[in-house]
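Read off the chains here:
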Amino acid sequence: MTQETAPETKAETRSFQAEVSRLLDIVAHSLYSEKEIFLRELISNASDACDRLRYAALTEPGLIAHPDHCR
C-alpha cells in the first residue's frame, strides 16, 4: 500500500479593517427601519449565542476557556 501526500500549500493571510460604527449603521438601516429594533435584535442574538455556548459546555467543558467569565 502506498501513501500519497498532498502538496503543501501556504495559507495567505490578509488584514481587513472596517469602521465598525459605519458597518453597523449600514446593516441597521438596510435591515431594520428603526435603530432600537436593530439593537434589541443584536442583544437578543448575542444572549442566545451565550446560552447555547453555556449549554454545550456542560458536555464539553473545553469550549469555555475561562468559565468564571461566563457568569
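Here, the structure is the one placed above.
Residues numbered from 1 in each chain as written. Predicted model: local features only at pLDDT ≥ 70, side-chain atom pairs only at ≥ 80, totals over all residues. Heavy atoms only, no water.

Enquirer: How do you make sense of the overall build of the protein when you look at a structure like this?
Expert: What the protein contains, in helices and strands, is 2 helices and 0 strands. Per-residue burial over the protein gives 6% buried out of 71 residues. Working note: accessible area of the protein is about 7,300 Å², and carbon and sulfur atoms make up 55% of it. (Helix = DSSP H or I, 4+ residues; strand = E, 2+ residues; numbered from the N terminus. Buried < 20%, exposed > 50% of the residue type's maximum accessible area, 1.4 Å probe, protein only. Areas by Shrake-Rupley, 256 points an atom, 1.4 Å probe, with all protein chains shown as cover.)

Enquirer: Would you take a moment to explain a nonpolar patch on the surface for this structure?
Expert: Together, Val-20, Leu-24, Leu-39 and Leu-42 make up an exposed nonpolar region whose accessible area comes to about 330 Å². For the nonpolar patch, the secondary-structure elements that each account for two or more residues are α1 (20–31) and α2 (35–59). Relative to the helices and strands, Leu-42 resides in helix α2. (Patch = residues over 30% accessible without salt bridge, like charges linked within 9 Å, V, L, I, M, F, W, Y side chains within 5 Å. Salt bridge = Lys/Arg side-chain N within 4 Å of Asp/Glu carboxyl O.)

Enquirer: Hey, could you run me through the pattern of salt bridges in this one?
Expert: Opposite charge on two side chains permits them to pair, given that their charged atoms come into close proximity. Tallied over the entire structure, the rule returns 1 salt bridge. Between Asp-51 and Arg-54 there is a salt bridge, and its shortest N-O distance comes to 2.9 Å. In this pair, Asp-51 and Arg-54 are both assigned in helix α2, 3 residues apart and thus about one turn of the helix distant. Residue classification places Asp-51 among the partly exposed positions, given a relative accessible area of 41%.

Note that every value here comes from positions in space, so none of it alone points to a role or purpose.
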